[in-house]
Amino acid sequence: MSLTFHWFLPTNGDSRHVVGGGHGTPATVSGRDRPPTVAYLSQIARAAEDLGFVGALTPTGAWCEDAWLTTAMVAQYTERLKFLVAFRPGFVSPTLAAQMASTFQRQTGGRLLLNVVTGGESHEQRAYGDFLDKDDRYRRTGEFLQIVRGLWEGATVDLVGEHLQVEDAKLARVPDPVPEVYFGGSSPIAGEIAARHVDVYLTWGEPPAAVAEKIAWIRALAEKEGRSVRFGIRLHVITRDTAEQAWAEARRLLAGFDTETVRAVQAGLARSESEGQQRMLALHGGSSDELEIYPNLWAGIGLVRGGAGTALVGSHDEVAERIAEYHRLGIDEFVLSGYPHLEEAYWFGEGVLPRLEAQGLWSHPFRDATVARTVTQVPFVERESAKVTRIP
């Protein structure tokens, strides 16, 4: 099975420095360096598409632009790239969400993937009018997905749940194809919901032994439900021609973290109710010492950024080997990012992906289409020049 790679659309802003924020903390000032305009995000999306990334994750929360609206606009500037749209099921009715997904599929030619984010921060949820506690939010997510799945199958859904109720709900047109559902969570209730409803379980980039434990946990729960689940991992990447160059870049990024920003972000993340976030914090303990927690796995990003806080750092060969190691555990999908996202997409796409292809672990999903487009498409300047020469 060929590995699947997704990139990231930084709708909180981009920079040559790490843009912090997330999980209830605001984006850091570095996010203003490259504002998340449709033009800039489309540059990243087109680069990812050409390099062979299948999709692009777009985050959700008060720290970034709205994922649904942004991806709907960026989709017009790409042809095949899918959009892994993160959204919180407590903020929209399940019937409306099912309809939105169906519309998105038709208008983009089936390029929607859904990343269901239950929400691990009660204070942020309350700002949106959601006052359920964490476990109840997960139970509501389960009811939400039960309704949405039924609607996508073309059923008329009636449900009186603990948190959601719909009557005679149905879609005029079902999505084709049905979007795959991605989901992450480290708490017991999150595992139950994943086992029952999701297609791909996502974990953040912990050392391989911890990732293997998560995979075994979710796989066992899914088997009890008579289901199988694929697995993905969310990581940043810093990959260069040599290990020395990659680690020099990591040190440069670390040097850009001022003490007050680290303190403020860590204080905000310390109150997180997310078990996954607490596991990320435990990898570095708020200290910049000993950040390489496993060969080529660096926890420095998590000093200023909530959520995914680790990066694969090393030469292209080393990063490819770490990816192969995670794959041997059962990881088939990789959701990656790097600062800045445009340039780092090329470092990974031109440096690591060819090595994985040589090992038979990956093949370019759009290569024939990309080559055909490159050959047949005449550059704009040449078109204009040709038009001028035909004028008498």
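Everything numeric in this text was worked out from a predicted model, so none of it was measured.

### Details of the nonpolar core
Counting residues in hydrophobic clusters, the biggest one holds 78 residues, and the most contacted among them are F5, I323, Y326, F334, F348 and L356. Not counting chain neighbours up to four residues away, the residues in contact with Y326 comprise E206, P207, P208, V211, I233, L235, L297, L312, I331 and F334.

### Let's talk about the packing of helix α9 (residues 259-270) against helix α10 (residues 275-284)
Closest axis-to-axis distance for the α9/α10 pair is 10 Å, and the angle between their directions is 140 degrees. As summarised for this structure, α9 and α10 are arranged oblique, according to the angle between their axes. Here α9 and α10 pass one another in a crossing that is left-handed. Contact residues: α9 offers Q266, L269 and A270, while α10 offers Q277, Q278, L281 and H284.

### Brief notes about the pattern of salt bridges
Per the stated rule, a full pass over the model turns up 21 salt bridges. We note a salt bridge from E180 to R230, for which the minimum N-O separation is 3.0 Å. A residue pair is termed long-range when its members are at least 10 positions apart, and E180 in the loop between β6 (165-169) and β7 (181-184) and R230 in strand β9 (residues 230-240) qualify at 50 residues. Residue classification places E180 among the partly exposed positions, given a relative accessible area of 27%. Taking relative accessible area as the criterion, R230 reaches 23% and is therefore assigned partly exposed.

### Describing the side chain of H316
Within the element layout of this structure, H316 appears in helix α11 (residues 316-329). Among all residues touching H316, those that are not within four sequence positions of it are T239, R240, D241, W347, G351, V352 and R355.

### Considerations on the packing of helix α7 (residues 208-224) against α11
Two elements in contact, α7 and α11, have axes whose closest approach is 9 Å; the angle formed by their N-to-C orientations is 30 degrees. Between α7 and α11, the crossing angle belongs to the class labelled roughly parallel. For the pair α7 and α11, the crossing hand works out as right-handed. Touching P208, V211, A212 and I215 of α7 are E325, Y326 and L329, all from α11.

### What about the pairing of strand β12 (residues 311-315)?
The element β12 is extensively covered by neighbouring structure, given that five of its five residues are classed as buried. Bridging between β9 and β12 involves five bridges; their strand directions are parallel. Across the sheet, the residue bridging to I238 is V313, located in β12. Pairing analysis gives two bridges linking strand β11 (residues 297-298) to β12, with the strands arranged antiparallel. Considered in β12, the bridge of L297 is made with L312.

### Brief notes about the packing of aromatic side chains
With the rule as written, the count across this model stands at eleven aromatic pairs. Taken together, a centroid distance of 6.1 Å and an interplanar angle of 75 degrees make the contact between Y138 and F183 edge-to-face. Of this pair, Y138 sits in helix α5 (residues 134-152) while F183 sits in strand β7, and the two are 45 residues apart along the sequence. Look at Y201 and F231: their rings are 6.3 Å apart centre to centre, the planes differ by 70 degrees, and that puts the pair in the edge-to-face class. A residue pair is termed long-range when its members are at least 10 positions apart, and Y201 in strand β8 (residues 200-204) and F231 in strand β9 qualify at 30 residues. Both residues of the pair, Y201 and F231, belong to the buried class.

The rules behind the values
- Residues numbered from 1 in each chain as written.
- Predicted model: local features only at pLDDT ≥ 70, side-chain atom pairs only at ≥ 80, totals over all residues.
- Heavy atoms only, no water.
- Core = buried A, V, L, I, M, F, W, Y, C linked by side-chain atoms within 4.5 Å.
- Buried < 20%, exposed > 50% of the residue type's maximum accessible area, 1.4 Å probe, protein only.
- Contact = heavy atoms within 4.5 Å.
- Axes fitted to C-alpha atoms, helices over the stretch in contact; angles between N-to-C directions.
- Helix = DSSP H or I, 4+ residues; strand = E, 2+ residues; numbered from the N terminus.
- Parallel < 35°, antiparallel > 145°, perpendicular 65-115°, else oblique.
- Left-handed = near helix turned anticlockwise from the far one by under 90°.
- Salt bridge = Lys/Arg side-chain N within 4 Å of Asp/Glu carboxyl O.
- Pairing = 2+ DSSP bridges.
- Phe/Tyr/Trp six-rings, centres within 6.5 Å; stacked < 30°, edge-to-face > 60°.

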